[in-house]
There are 2 protein chains.
Amino acid sequence: MDHVITGGAGFIAVNLARSLLARGDRLVLLDDLSRGHPAYVEALRPLGPVAFHKVDVADENALGAAMAGVSPEAHVWHLCANSDIPAGVEDPAVDLHDTFMTTYALLRVMRKRGMRRLHFASTSAVYGDHGVHALHEEAKTEPISNYGAMKLASEALIRAAAEAHLDIATVFRFPNVIGTPATHGVLIDFIRKLAATPGDLAVLGNGTQKKSYLHVAELVEAMLFITAHGAGGYRVFNIGPADTGITVREIAEAVRYHVSPGARLHFGTADRGWVGDVPRFVYAIDKLRALGWSPRLSSHEAITRAIAEIAAAERTAHGANPGGTSP
Amino acid sequence: MDHVITGGAGFIAVNLARSLLARGDRLVLLDDLSRGHPAYVEALRPLGPVAFHKVDVADENALGAAMAGVSPEAHVWHLCANSDIPAGVEDPAVDLHDTFMTTYALLRVMRKRGMRRLHFASTSAVYGDHGVHALHEEAKTEPISNYGAMKLASEALIRAAAEAHLDIATVFRFPNVIGTPATHGVLIDFIRKLAATPGDLAVLGNGTQKKSYLHVAELVEAMLFITAHGAGGYRVFNIGPADTGITVREIAEAVRYHVSPGARLHFGTADRGWVGDVPRFVYAIDKLRALGWSPRLSSHEAITRAIAEIAAAERTAHGANPGGTSP
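Everything numeric here is computed off the predicted structure, so don't read it as measured data.

(A) Spatial organisation of the overall build of chain A. Scanning chain A from terminus to terminus reveals 11 helices and 15 strands. For 327 residues, the compact-globule estimate of 2.2 N^0.38 gives 20 Å, and the C-alpha radius of gyration of chain A, at 19 Å, lies within 12% of that figure. Across the 327 residues of chain A, 55% fall into the buried class. Contacts spanning at least 24 positions in sequence make up 79% of the contacts within chain A whose residues lie at least 6 apart. Surface summary for chain A: the accessible area is close to 12,600 Å², and the carbon and sulfur share equals 54%.

Structure representation (structure tokens):
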């Protein structure tokens, strides 16, 4: 089977690609390399047939050219997006271009080429701040960040396209996803801070923000399970751990334990890390369970596993000097 | 008080403007005149202070220049949008530009200028097709047309902006709105068809599509009531009649009765007029009632009143020859 993955040189794409190649599928990876890395793509090549195109997915003509040889039967996994949430709060231009306009251009190219199978990486951020109320797929969507807004806007376009020209449109809404190769996020942020100053770790916010974390291995497993089970049409699934999450303080303590046990933790006073940050949420995955898939890792277990993986990768990257910077 | 109205030369804006001028407010109307008419603006001038700028609201620089003299305290009514739903199903470019990018540019200009009061004309189309289930404001939003998708996308941006830089953000979701000056829609379509061929009226779809219709006079009254009652922040209100709507067949019969009693009606076979059309919906206005405002007209009464108003306007426009075309 053929697959196109946008954001194909990024964190989640590389993990998805590995699973698809393992079952013998062929991949076309598209990425503008603004956040993804060519080295991630090169590492995939021994595993199976991988074509790569450096392309701005929001550029309809360039995207059309990059997808010219792709079978109309291919599954398209739309993973490219801005992933820097605070940056998008300050200026929505990056979310507009990297998240929304990529979706817009992709749908136009797919329609033109008669491609009818789309899977989209959405986010728990589309819900906004529901406090203690569980976020199920029927809950109202009132995103409080431009990141969440442009993801919801993309979902809306895909829903309309499902009415007009898609046969399969799957929307995955996931919380924070962790693992390797880590490109950004709280774990690599903490690990790198401690590598630079092993005695101290400053945490954004007061540490009480509580969130669900999903390991990328489970995310990929769930995405493939969902797409393998279902009759097509437009479907939305939350993917997440079964628990109510882990606090930023607990994450900081876990990183300290693994990386620099003697470090002091310093917390801020705000109950959220930045404007548009959802301080805590309860994620409902009943729909996914009913389909037949359940997560095995808790948020805490996912965090612990990812810390070990990221710390090992950082040590490899920096040789014998764990506190060193890249040459 | 000062007000900015985008889409200021359009159908709803003109009616809103009349009410605002009647209470002594000052208006700045912005419109690219792609659908609005300069004559509508001219008709407002005797009623009070009206400034008009022909501007593409999606053009951030041009918009900034047009709003340069406006008080930061002004209320902004964002009414401009694509209103041709079937056109947007075929090609989302017009909804992207006229609906979504106008919202995006407007929010950027408002932020830059410290303007913190926004009211947005959204639509029942953001909900999509919920069948017999009532559409209340907490219902999930899965639009099946690009028109609805770009309106929902705009709501999402406004919700995020309310978190970051707006004090007041009101979203009005309304169904079909009718009255004069009619620029498009089922009534003027039927009335003009009958003027051209008084003996026959062809109806898109099988006539069973059932929808809520709101008279523009009641819409404006409700919008002003909502903005006068409330503590600010982000608020979403359905505005509509109290009933479950009126079928296309009933509308066609009402137009025939008023315009050309002897005409034969011809129906299609589809249960909807076009892809992305929501064939029927039940609109919940409990939240608006709880705030203290209730509609007085049923969908049928609104239709009857609007037919008389539009037919009279068409007769005036075309002189003594009701079937004639404009010179």
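(B) Geometry of the pairing of strand β12 (residues 233-238) of chain B. All names here are of chain B. Among the six residues in β12, five count as buried, and that is most of the element. Both strand β7 (residues 168-174) and β12 contribute to a ladder of six bridges, which runs parallel. Opposite phenylalanine 172, over in β12, you have phenylalanine 237 as the bridge partner.

(C) Highlighting the interface of chain A and chain B. Each side of the interface is counted separately: chain A has 34 residues, and chain B has 34 residues. Roughly 2,700 Å² is buried in total at the junction of chain A and chain B, and carbon and sulfur atoms are behind 61% of that figure. When the shortest N-O distance is used, the salt bridge between arginine 159 of chain B and glutamate 142 of chain A registers 3.5 Å. For the side of chain A that touches chain B, the secondary structure elements donating two or more residues are α4 (85-90), α5 (93-112), α6 (146-164) and β12 (233-238) of chain A. The element best represented in the side of chain A that touches chain B is α6 of chain A, accounting for 11 residues. Residues of the side of chain A that touches chain B, tallied by class, amount to 20 nonpolar, four polar and 10 charged.

(D) Examining the relation of the copies chain A and chain B more closely. Least-squares fitting of chain A to chain B yields an RMSD of 0.0 Å, with the transformation described by 0.0 Å of translation along the axis and a rotation of 180 degrees. Here the copies are linked by what is in effect a two-fold axis. Nearest to the rotation axis, the C-alpha of alanine 153 of chain A is located 2.0 Å from it, this being the minimum over chain A. Counting the interface residues of chain A, we find that 100% of their copies in chain B are interface residues as well, pointing to one common contact surface.

(E) Just helix α9 (residues 248-259) of chain B, in detail. Residues and elements named next belong to chain B. If you check α9, its first and last C-alpha atoms are 16 Å apart, about what 12 residues at 1.5 Å a residue would give, namely 16 Å. If you check which residues of α9 are buried, you get Val248, Ile251, Ala252, Ala254 and Val255. In a view along the axis of α9, the buried residues occupy a sector of 160 degrees, so they form one face of it. Residues of α9 that are buried sit in contact with α7 (186-196), β9 (200-203), β11 (213-215), β13 (246-247), β14 (264-267) and α11 (299-318).

(F) Representation of the pairing of β7 of chain B in the model. Residue and element names in this part refer to chain B. Taking burial as the measure, the seven residues of β7 include six buried ones, the bulk of the element. Pairing analysis gives seven bridges linking strand β5 (residues 117-123) to β7, with the strands arranged parallel. From the neighbouring strand, leucine 118 faces β7, where its bridge partner is alanine 169.

(G) Structural context of the confidence of the model for chain A. Residue and element names in this part refer to chain A. Summarising the model, chain A shows a mean pLDDT of 92, and 97% of its residues fall at 70 or more. Low confidence marks residues 320-327, where pLDDT is under 50. Its contacts with residues over four positions away, or in another chain, come to five contacts. Interface scoring of the predicted complex returns ipTM 0.90; its pTM is 0.93.

(H) The sheet that holds strand β3 (residues 50-54) of chain B, seen in detail. Residue and element names in this part refer to chain B. In space, the seven strands of this open sheet follow the order β3-β2-β1-β4-β5-β7-β12, with parallel pairing throughout. Pairing within the sheet leaves two strands with one partner each, and these edge strands are β3 and β12. Looking at each pair of strands side by side, their axes are set apart by 15 degrees on average, direction ignored. Pairing geometry for strand β1 (residues 2-6) and strand β2 (residues 26-31), over five bridges, is parallel. Paired with threonine 6 across the strands is leucine 30, a residue of β2. Lying on the sheet, helix α1 (residues 11-22) is in contact with β1, β2, β3, β4 (75-78) and β7; it crosses β1 at an angle near 170 degrees. Of the strands in this sheet, β1, β4 and β5 touch helix α5 (residues 93-112), which is tilted by about 170 degrees from β4.

(I) How the structure looks around helix α8 (residues 216-228) of chain A. Given a rise of 1.5 Å per residue, 13 residues ought to cover 18 Å, and the 18 Å separating the end C-alpha atoms of α8 of chain A matches this to within 8%. Just past α8 of chain A, the residue glycine 230 of chain A takes up positive phi, approximately 150 degrees.

(J) Molecular detail of the environment of aspartate 91 of chain B. Examined against the element boundaries, aspartate 91 of chain B turns out to sit in the loop between α4 (85-90) and α5. Separated by 55 residues in the primary sequence, aspartate 91 of chain B and asparagine 146 of chain B place their C-alpha atoms 8.4 Å from one another.

(K) Summary view of the sheet that holds strand β3 (residues 50-54) of chain A. Residues and elements named next belong to chain A. Judged by pairing direction, the sheet is parallel, and its seven strands sit side by side in the order β3-β2-β1-β4-β5-β7-β12 without closing on themselves. Both edges of this open sheet fall to β3 and β12, since each of them pairs with a single strand only. The mean angle between the axes of side-by-side strands here comes to 15 degrees, regardless of whether they run parallel or antiparallel. The strands that helix α1 (residues 11-22) touches are β1 (2-6), β2 (26-31), β3, β4 (75-78) and β7 (168-174); relative to β1, the one it contacts most, it runs at about 170 degrees. Across the face of the sheet, α6 comes into contact with β5 (117-123), β7 and β12 while running at roughly 155 degrees to β5.

(L) Examining the environment of threonine 141 of chain A more closely. Mapped onto the fold, threonine 141 of chain A is located in the loop between β6 (134-135) and α6. Sequence separation between threonine 141 of chain A and alanine 242 of chain A is 101 residues, and the spatial gap between their C-alpha atoms is 21 Å. Within the structure, the side chain of threonine 141 of chain A is placed 3.3 Å from the side chain of threonine 141 of chain B, a separation counted as a polar contact.

(M) Layout of the packing of α5 of chain A against α6 of chain A. All names here are of chain A. Relative to each other, α5 and α6 sit at 5 degrees, their axes nearing to 9 Å. Judged on the interaxial angle alone, α6 and α5 are roughly parallel. Each of Asp95, Leu96, Thr99, Phe100, Thr103, Tyr104 and Leu107 in α5 lies in contact with α6, whose residues at this interface are Asn146, Tyr147, Met150, Lys151, Ala153, Ser154, Leu157, Ile158 and Ala161.

(N) Structural context of the packing of aromatic side chains. Tallying each qualifying case throughout the model produces five aromatic pairs over all chains. An angle of 10 degrees between the planes, with centres 6.2 Å apart, marks the rings of tryptophan 77 of chain B and phenylalanine 172 of chain B as stacked. Taken together, the positions of tryptophan 77 of chain B in strand β4 and phenylalanine 172 of chain B in strand β7 put the pair 95 residues apart, joining distant regions of the chain. The residues tryptophan 77 of chain B and phenylalanine 172 of chain B share a single accessibility class, namely buried. For the cation-ring pair, lysine 287 of chain A lies above phenylalanine 237 of chain A, with the distance from its terminal atom to the ring centre recorded as 4.8 Å.

Cut-off values and rules
Residues numbered from 1 in each chain as written. Chains lettered and ligands numbered in written order. Predicted model: local features only at pLDDT ≥ 70, side-chain atom pairs only at ≥ 80, totals over all residues. Heavy atoms only, no water. Helix = DSSP H or I, 4+ residues; strand = E, 2+ residues; numbered from the N terminus. Rg over C-alpha atoms; globule rule 2.2 N^0.38 Å. Buried < 20%, exposed > 50% of the residue type's maximum accessible area, 1.4 Å probe, protein only. Contact = heavy atoms within 4.5 Å. Areas by Shrake-Rupley, 256 points an atom, 1.4 Å probe, with all protein chains shown as cover. Pairing = 2+ DSSP bridges. Buried area = accessible area lost by both parts, 1.4 Å probe. Salt bridge = Lys/Arg side-chain N within 4 Å of Asp/Glu carboxyl O. Nonpolar A, V, L, I, M, F, W, Y, C, P; charged D, E, K, R; others polar. Least-squares fit on C-alpha atoms with pLDDT ≥ 70 in both. Expected span 1.5 Å × (residues − 1). Arc of directions from axis to C-beta. pLDDT = per-residue confidence, 0-100. Axes fitted to C-alpha atoms, helices over the stretch in contact; angles between N-to-C directions. Polar contact = N/O pair within 3.5 Å; in protein donor to acceptor, adjacent residues only side chain to side chain. Parallel < 35°, antiparallel > 145°, perpendicular 65-115°, else oblique. Phe/Tyr/Trp six-rings, centres within 6.5 Å; stacked < 30°, edge-to-face > 60°. Lys NZ or Arg CZ within 6 Å of the ring centre and 35° of its normal.

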